[in-house]
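Here's the letter readout for the chains.
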Amino acid sequence: PSNISSGRCLFRAPLRFSIEHHYTHVLTDTLVENFGALAPLQQIAGMCSCRIVLFTRLREPVQFYISFYRWTVMWRQKSNSTLHGRDIFEWAPPNLQSSIFLDPMNSAFAE
């Protein structure tokens, strides 16, 4: 912060960060509070002519189902097909990506 207030950040090479927020119990409101337009981090970044960009990646629905299935469900089916179904068609819950987008902890119902 002292470098920022003295203007020294203008003489350094631009910084670039990429952070992926993949999966969490943290709600969207908390993310926006910490990284959104009114967050202290945005104010500091603005002093150095930096910008913070938030974006959401939505996947093609079938590919999302396949990826989620391979990552989270398939191994469970192998250990207990009675509880988790025998294949992707038996397991597939409705509106998987939309449910997780609205509340990340909704993925628990699909696991």
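Refer to the structure above for everything that follows.
Residues numbered from 1 in each chain as written. Predicted model: local features only at pLDDT ≥ 70, side-chain atom pairs only at ≥ 80, totals over all residues. Heavy atoms only, no water.

## A word on unusual backbone geometry
Here comes step 1: Even without being a glycine, Asn95 presents a positive backbone phi close to 55°.
Here comes step 2: As for its placement among the helices and strands, Asn95 is situated in the loop between helix H6 (88-91) and helix H7 (96-102).
Here comes step 3: Its relative accessible area of 55% is what places Asn95 among the exposed residues. (Helix = DSSP H or I, 4+ residues; strand = E, 2+ residues; numbered from the N terminus. Buried < 20%, exposed > 50% of the residue type's maximum accessible area, 1.4 Å probe, protein only.)

## Description of the packing of aromatic side chains
Here comes step 1: Counted according to the given criterion, the structure contains five aromatic pairs.
Here comes step 2: A ring pair is formed by Phe68 and Trp91, whose centres lie 6.0 Å apart and whose planes are at 10°; its orientation type is stacked. Placement of the pair is Phe68 in helix H4 (residues 61-79) and Trp91 in helix H6, with a sequence separation of 23 residues. Note on accessibility: Phe68 and Trp91 belong to one class, buried. (Phe/Tyr/Trp six-rings, centres within 6.5 Å; stacked < 30°, edge-to-face > 60°.)

## Topic: the side chain of His84
Here comes step 1: Looking at the element boundaries, His84 is found in helix H5 (residues 81-84).
Here comes step 2: Among all residues touching His84, those that are not within four sequence positions of it are Arg76, Gln77, Trp91 and Glu111. (Contact = heavy atoms within 4.5 Å.)

## A word on the nonpolar core
Here comes step 1: Within the largest apolar cluster, nine residues are counted, these being Phe64, Tyr65, Phe68, Tyr69, Val73, Trp91, Leu96, Ile100 and Ala110.
Here comes step 2: For this core, the elements supplying multiple residues, two or more each, are H4 and H7.
Here comes step 3: In this structure, Tyr65 is in contact with Ile88, Trp91, Ala92, Pro93, Pro94, Asn95 and Leu96, ignoring residues within four places of it in sequence. (Core = buried A, V, L, I, M, F, W, Y, C linked by side-chain atoms within 4.5 Å.)

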